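Spelled out from the first residue to the last, the chains are:
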Amino acid sequence: MSEKPVRHILGLSGGKDSTALAVLLHKEIPQMEYFFCDTHKELPETYEYLDRIKARLGIKIHYLAAERGFDHWLDVYGGTLPSPNMRWCTVQMKIKPLEQFVGNDEAISYVGIRADENRDGYISTKKNIKPVFPFKERGLVKADIIGLLEDTGIGLPDYYRWRSRSGCFFCFFQRKYEWVMLAEEHPDKFAEALKYEQEHKDGRQYTWNEGETLLELLERKDEIIAQHERSIARKQKESAWKKQSLAQVLDSVLDEEDDALPCLACHL
Ligand code: SF4
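Draft legend 1. A look at the domain arrangement of the chain. By the assigned domains, the chain splits into domain 1 (7–160) and domain 2 (176–257). Taking only C-alpha atoms, the centre of domain 1 and the centre of domain 2 are 23 Å apart. Contacts between domain 1 and domain 2 engage 19 residues on the former and 18 residues on the latter. Buried area between domain 1 and domain 2, both sides added, is near 1,400 Å², and the carbon and sulfur share of it is 57%. Ranking the residues of domain 1 by area buried against domain 2 places Leu-81, Lys-142 and Tyr-160 at the top, with a combined share of 36%.

Draft legend 2. Spotlight on the site of the ligand. For the ligand, the full set of nearby residues is Cys-89, Thr-90, Gly-167, Cys-168, Phe-170, Cys-171, Phe-172, Cys-266 and His-267. In this structure, the ligand is accommodated by the second largest cavity. Class assignment of the residues belonging to the shell around the ligand gives a composition of six nonpolar, three polar and no charged.

Draft legend 3. Fine view of helix 4 (residues 88–102). An ideal rise of 1.5 Å per residue puts 21 Å on 15 residues; helix 4 measures up with 20 Å between its terminal C-alpha atoms. Its axis deflected by about 35° at Ile-95, helix 4 carries its strongest bend there, up to four residues before the proline Pro-97. Counting buried positions along helix 4 yields twelve of 15 residues, so the element is predominantly enclosed. Along helix 4, the residues that are buried comprise Trp-88, Cys-89, Thr-90, Gln-92, Met-93, Lys-94, Ile-95, Pro-97, Leu-98, Glu-99, Phe-101 and Val-102. Those residues of helix 4 hidden inside the fold are in contact with strand 1 (7–11), strand 2 (33–37), strand 3 (61–64), helix 3 (70–76), strand 4 (107–110) and strand 5 (129–132). Gly-103 sits one or two residues past helix 4 and shows a positive phi near 60°.

Draft legend 4. Broad picture of the nonpolar core. Counting residues in each nonpolar core, the largest one holds 66 residues, and the members touching the most others are Leu-10, Phe-170, Trp-179 and Trp-208. Residues from two domains meet in this core; each of domain 1 (7–160) and domain 2 (176–257) gives at least three. Those residues in contact with Trp-179, other than ones at most four positions away along the chain, are Phe-169, Phe-170, Cys-171, Gln-174, Phe-190, Ala-193, Trp-208, Asn-209, Leu-214 and Leu-217. By size, the runner-up hydrophobic cluster in this structure holds nine residues, among which are Phe-35, Leu-64, Leu-98 and Phe-101.

Basis of the calculations
- Residues numbered from 1 in each chain as written.
- Predicted model: local features only at pLDDT ≥ 70, side-chain atom pairs only at ≥ 80, totals over all residues.
- Heavy atoms only, no water.
- Domains from an automatic or database assignment.
- Contact = heavy atoms within 4.5 Å.
- Buried area = accessible area lost by both parts, 1.4 Å probe.
- Near = heavy atom within 4 Å.
- 1 Å grid on protein atoms, 1.4 Å probe; cavity = no way out; pocket = protein on both sides within 12 Å on 5 of 7 lines; lining within 4 Å.
- Sits in = over half its atoms within 2 Å of the grid points.
- Nonpolar A, V, L, I, M, F, W, Y, C, P; charged D, E, K, R; others polar.
- Helix = DSSP H or I, 4+ residues; strand = E, 2+ residues; numbered from the N terminus.
- Expected span 1.5 Å × (residues − 1).
- Bend = angle between axes of the 7 residues up to and from the residue.
- Buried < 20%, exposed > 50% of the residue type's maximum accessible area, 1.4 Å probe, protein only.
- Core = buried A, V, L, I, M, F, W, Y, C linked by side-chain atoms within 4.5 Å.

Structural data, given as structure tokens:
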């Protein structure tokens, strides 16, 4: 009996790096299986971006979803909102669906960590899923990634006007400016995030941000926007010679505000 061939998989997160990796490899590895772990708490811009990727590259994307959604797991975890130290959402809604998709097959998982990043490759600890890092192997950095996206006409996701990380609209890895802009761009989603802070069976109140509720943060909206605009102006001045796009400047400014390394399953 012939052995099952090794599978080649690439997880799209709706972010720029995983997309650029698909651009780089879609011709080189035609048997690549692309997947997106859908938490059903994504931004509309993410779905639109995935449609754009499919159309431009002519690839198929498997949309994987956990059998039980966020609300179920929130209940299981006693109403505790996920946080950088307790990322149950990533495990239950991103990693487990991926592991189910692969099963016991041998698979090579292509991960879009860039050569100019210092992040670990935590996607799955299953031994049959072996991560490889083509950008690192080829020495490709952020400017190369942007170039790949521009050359294919895919460009950056639309949320890049105000947010630089993919993932759930309520992601706790969001920076303060991004929360303010979520309220502006998607007031319904902001209201949903607010509800998660305020409504708990045990009467406790949890916050997405340490030490500040979303309402308190919103009260400081003008101050947060003014601070952000000052940072953008400074960064534009500093990097005028680099001819960076506004999206690239935004990316650097937000990285300065919060250098916490987001997780690989959601933000690539
Ligand atoms: S994007 Fe953020 S909130 Fe959503 S699963 Fe990932 S870490 Fe959790």
